[in-house]
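# Remarks on the overall topology
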Amino acid sequence: MKPVLVRLEPLTIGTVIVSDVADPRGRLLVKAPVPLDEALKDLLRQHGVREVFIEDRRKGGEESEKVLQSEREMLLRRLAFLGDGHAEKALKTLLIETIEKFYTELTE
Amino acid sequence: MADEDYHEIFENFERKNGFSAVPEVVSDVLFTLDSDRASLGEIAEIIKRDPGLSANIMKYANSGAYLLSKSLSSVDQAIRVIGMKPLKGLCLAIPVFERYGHVAGVRETWLHSRATSMACSILAKAIKFPEPDVAETAGLLHDIGKLVLAVATAKFFQSQIMIADSRDRDADWRQEKRLLGFNHCFIGAWFARKFNLPQILIEGILWHHEFEKSSYGRDLACLTFIGDQMAVAVGKEHPDFVFVEPGIVRALNHLRIDDRLLREVLTECLGRVARMAA
Ligand SMILES: [Fe+2]
Ligand SMILES: [Fe+2]
């Protein structure tokens, strides 16, 4: 399975990080593979790490549903400045459809 | 525009050794690239004199910016993949973003800039833009002015990060103009001018949020803006403003990008960004 970059925040404890994580200055923080626990999550947060590599699961399951849900929420937030005019609404729909399709296929 | 104020910001950036972040060899690289008779081999030799820059260029080339069948293991290979034209922008951007990676918002701006560069390059190829290399560089450097703000006006920049997702605010560039008297586009253009980047690139950086104001490089400015907004849409947002701007509708119309094309480009962009190394 290939690794995929996902947001750290919604990941549940126990998810395995599959790629070494460095801080923004490039110093190694943690060696992969390593299962995520609360202390590690805190450490990564403190060093400004927002995203980590996990295995790309195509079988779905609780983890990918959470990732999907979090992506959906973030996406809606990012599109909140697009107004209610016809063109802006149509664009919003296109962006949501395309991005959701991408993540659904990724986590299936 | 308040002249004294932005001079102060530039001075402050220089006081913080902003430009010493650009290694010595970069001026040799820029000089050689400008001389028109440079070869990739020659450039590689100059870059190899600086192990830090060499390592960072290889890291960049291997980080998902290019479609590779296997990872690159030498500076020569990396430079061949990057190509002559984008090198200039890269040699400027990589060291400064690296040097200030610890400053709040800089790492996110770097990720956003890399994603924008990818989006611009995908978009340029899709619409057969005559200079895809210039589009790629414009994407990489479009927000370099934000880096200067993050370093030279750290307090201001942090205050903007704090309200990055507030719905009760203006877009970053409008907010900067209102509160500082100028914005990151203006500072970015100054940076590009200082390093002798081509005029078209300076225009692209200067007008990436107001492409209609550009007389000389309107299409590039517009393309850069769409790339910028696509990067935001796929999750590589600005640290100080997380939203997609409504102006994207006008920009898509200007370059006649229809729904089918937009879906295609966006999907490719999503795939590439998902594979982008942190
Ligand atoms: Fe910008
Ligand atoms: Fe941007």
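Definitions and cut-offs
- Residues numbered from 1 in each chain as written.
- Chains lettered and ligands numbered in written order.
- Predicted model: local features only at pLDDT ≥ 70, side-chain atom pairs only at ≥ 80, totals over all residues.
- Heavy atoms only, no water.
- Salt bridge = Lys/Arg side-chain N within 4 Å of Asp/Glu carboxyl O.
- Helix = DSSP H or I, 4+ residues; strand = E, 2+ residues; numbered from the N terminus.
- Buried < 20%, exposed > 50% of the residue type's maximum accessible area, 1.4 Å probe, protein only.
- Donors = N, O, S within 2.8 Å, 3.2 Å for Na, K, Ca; no water.
- Tetrahedral: all angles 85-135°; square planar, octahedral: opposite > 155°, others 65-115°.
- Domains from an automatic or database assignment.
- Contact = heavy atoms within 4.5 Å.
- Buried area = accessible area lost by both parts, 1.4 Å probe.
- Polar contact = N/O pair within 3.5 Å; in protein donor to acceptor, adjacent residues only side chain to side chain.

### Looking at the pattern of salt bridges
Residue and element names in this part refer to chain A. Scanning the entire structure with this criterion turns up 25 salt bridges over all chains. Two residues, D42 and R45, come together in a salt bridge whose shortest N-O distance is 2.6 Å. You can see D42 and its partner R45 sitting in helix α1 (residues 38–46), three residues apart, about one turn around the helix. Note on D42: relative accessible area 35%, which makes it partly exposed. Two residues, R72 and E100, come together in a salt bridge whose shortest N-O distance is 2.8 Å. Pair noted here: R72 is in helix α2 (residues 62–78) and E100 is in helix α3 (residues 86–107), with a separation of 28 residues, a long-range link.

### Focus on the coordination of the iron ion (ligand 1)
Residue and element names in this part refer to chain B. Around the iron ion (ligand 1), the protein contributes the donor atoms D143 (OD), H184 (NE2), H208 (NE2) and H209 (NE2), at 2.2 to 2.3 Å from the metal centre. Geometry at the iron ion (ligand 1) is irregular, judged from the four donor atoms that bind it and their angles of 82 to 177° at the metal. Coordination of the iron ion (ligand 1) draws on donor residues from a single chain, spaced D-x40-H-x23-H-H in sequence. Taken as a pair, the iron ion (ligand 1) and the iron ion (ligand 2) show a spacing of 3.7 Å, with D143 coordinating each metal. Residue D143 is found in the loop between α8 (132–141) and α9 (144–152), and its partner H208 is found in the loop between α13 (199–206) and α14 (218–233); the two are separated by 65 residues along the sequence. Across the pair, exposure class does not vary: D143 and H208 are buried alike.

### Regarding the domain arrangement of chain A
Reports of interface size often rely on the accessible area that becomes lost once the parts have come together. Residues and elements named next belong to chain A. Split by domain assignment, chain A resolves into domain 1 (3–55) and domain 2 (62–107). The partner domain 2 presents eight residues to the seven residues of domain 1 that form the contact. Three residues stand out in domain 1 for area buried against domain 2, namely R7, P10 and T12, and they jointly supply 69% of the buried area on that side. The tally of links between domain 1 and domain 2 comes to one salt bridge. Linking domain 1 with domain 2 are zero residue pairs in polar contact (both at pLDDT 80 or more), by the criterion used here.

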